[in-house]
Amino acid sequence: MLAWLAPILVLGLVVFVHELGHFLAAKMVGVYAPRFSLGWGKAIWRWRPAGGETEYVISALPIGGYVRMASRDDETMAKIEGGTETAPPETEQQGPNWDPEAMVPHGPKSVPPDRWFESKPVLGRVFILMAGVTMNAILTVVVATSIYAGYGRAVVPAVVDTVVVGKPAAAAGFQKGDSVVTLDGGAIRNWSEFLEGVSARPGATMTVGVVRGGAPVSLTVTAESRTEPDPGTGAPRTVGRIGMGPVNRVSREPVGFGQAIGLGWRSTVNMAGAVTGVLGGLFRGTVGVETLGGPIAIARTSVAAAKTGFEPLLTLIAFLSINLAVLNLLPVPILDGGQILLTLAEGVRGKPFSVRARELFLKVGVALILVLFAIVMFNDLRSLVRSWIG
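Residues numbered from 1 in each chain as written. Predicted model: local features only at pLDDT ≥ 70, side-chain atom pairs only at ≥ 80, totals over all residues. Heavy atoms only, no water.

**Q** Explain the packing of helix 1 (residues 6–29) against helix 3 (residues 122–151) here, please?
**A** Helix-helix packing: each pair is described by the crossing angle between the helix axes and the interaxial distance. In contact at an axis separation of 7 Å, helix 1 and helix 3 are set at 145 degrees when each is read in the N-to-C sense. Between helix 1 and helix 3 lies a crossing of right-handed hand. Contacts from L13, V14, V17, H18, L20, G21, H22, A25, A26, M28 and V29 in helix 1 reach G124, F127, I128, L129, A131, G132, V133, M135, N136 and L139 in helix 3. (Axes fitted to C-alpha atoms, helices over the stretch in contact; angles between N-to-C directions. Helix = DSSP H or I, 4+ residues; strand = E, 2+ residues; numbered from the N terminus. Left-handed = near helix turned anticlockwise from the far one by under 90°. Contact = heavy atoms within 4.5 Å.)

What follows is the structure in structure tokens.
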């Protein structure tokens, strides 16, 4: 039963952390933030501390959350999210949440001009807009580090399982069951080290020491050159390959906390690079839109991960968090990346865009997001139907 709550926990956590970043940054810069909500839609619980500016809310739809910031030109998002910086009708001004000493919407006092989002300098606004993706990146590093610190590093032993016919490894005489122990005289402890060594030697001839049947054997192999995307940046790179695969067996290697931090950071960079590579492939046309998954795919993956164990669930949280960070940096007006570009453009031109222009940008952004949502939902439903019919 608890496994079915996993989608809400996973999606809720990564989106909530994103909005928490915006909220904390807004407070630091001095922007009035009258509401911070866990979830969307109608408020089912609300609390505002005595003398406090912000109302903390739990809303009906427990997926993610939002932060309302005082903004002259944000009425559209206010209607979507359920908050506003305008005074409520007189019929609501006598309710239990009305405070005659508070600013709107909690009371009758107007928001000071220097508390509006638009009143802050360009760098202050960019800081607020960047805070969400920054918090998601931090969450990814923290979760990935926790996985390494708690479970250790997963390692595959440097034992050969498959040798591809016609490739350099077969020509060099490698056999199934060979244990790789050295590469050009350097010790090899696991398959990852061997793969990194071969990858760094495209077109090079190398000497590989293996143990076969308890006896040492020295083999000479020349790696092929192959172009593949860099896992950290997505950019093409030339690597060495010899056509050989390891046994399907994973063990755990304990690591110290300092090493866990380094591995967590490296994993975050690699995941961000993978997401960037997929997005780049979409724009170049080398990756099809059918690869994009949406909420149904995330829900199914979350449930499966929760049933498997806590570690896969943590891994999914880290991956989705960095996905959200990268996607929010896309230059689409409704996303953080688009808002950052608009803010920087206003700084360059020395004055803000008109309300009409900003509404046009917002409509374009909404249209693009709706198209993307339609694509991922179609992919989700197609995958779901295929799983039903086998």
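So much for the structure itself; the text now carries on.
**Q** Just checking my understanding: could you explain the packing of aromatic side chains for this structure?
**A** Between two aromatic rings, the relevant description is the distance of the centres plus the angle of the planes. Summed over all chains, the structure comprises 6 aromatic pairs. Centroid distance F16 to F36: 5.3 Å. Interplanar angle 65 degrees. Geometry classified as edge-to-face. A residue pair is termed long-range when its members are at least 10 positions apart, and F16 in helix 1 and F36 in strand 1 (residues 35–47) qualify at 20 residues. Judged by relative accessible area, which is 24%, F16 ranks as partly exposed. Taking the relative accessible area as the measure of exposure, F36 reaches 6% and is therefore buried. Through a chain of ring-to-ring contacts, three or more aromatic side chains come together here, namely F16, F23, F36, W47 and Y56. (Phe/Tyr/Trp six-rings, centres within 6.5 Å; stacked < 30°, edge-to-face > 60°. Buried < 20%, exposed > 50% of the residue type's maximum accessible area, 1.4 Å probe, protein only.)

**Q** How do you make sense of the sheet that holds strand 7 (residues 205–212) when you look at a structure like this?
**A** Hydrogen bonds between backbone groups are what pair the strands of a sheet, and the pairing can be parallel or antiparallel. Reading across from one edge, 6-5-7-8 is the order of the 4 strands in this open sheet, with antiparallel pairing throughout. For this open sheet the edge positions go to strand 6 (186–187) and strand 8 (215–222), each flanked by a neighbour on one side alone. With 2 bridges connecting them, strand 5 (residues 179–183) and strand 6 associate as antiparallel partners. If you follow T182 over to strand 6, its bridge partner there is A187. Sheet strands touched by helix 5 (residues 191–199): strand 5, strand 6 and strand 7. Its angle to strand 5, the strand with the most contacts, is close to 45 degrees. (Pairing = 2+ DSSP bridges.)

**Q** Would you mind showing me how to read the side chain of T343 here?
**A** Along the chain, T343 turns up in helix 9 (residues 336–349). Within polar-contact distance, the side chain of T343 engages the backbone oxygen of Q339 at 2.8 Å. Not counting residues within four places of it along the chain, the set of residues in contact with T343 comprises V122, R125, V126 and L129. (Polar contact = N/O pair within 3.5 Å; in protein donor to acceptor, adjacent residues only side chain to side chain.)

**Q** Explain the pattern of salt bridges to me, please; I cannot follow it from the model alone.
**A** In a structure, side chains of opposite charge can pair up when their charged atoms sit close to one another. Considering all chains together, one arrives at 16 salt bridges under this definition. Measuring nitrogen to oxygen at the nearest pair gives 2.5 Å for the salt bridge that ties E193 to R189. For R189, a relative accessible area of 60% puts it in the exposed group. Ionic pairing is found between E228 and R241, a salt bridge with its closest N-O pair at 2.9 Å. Residue E228 is located in strand 9 (residues 224–229), and its partner R241 is located in strand 10 (residues 236–241); the two are separated by 13 residues in the primary sequence. Each member of the salt-bridge network shares a partner with another, and the members are K27, E53 and R115. (Salt bridge = Lys/Arg side-chain N within 4 Å of Asp/Glu carboxyl O.)

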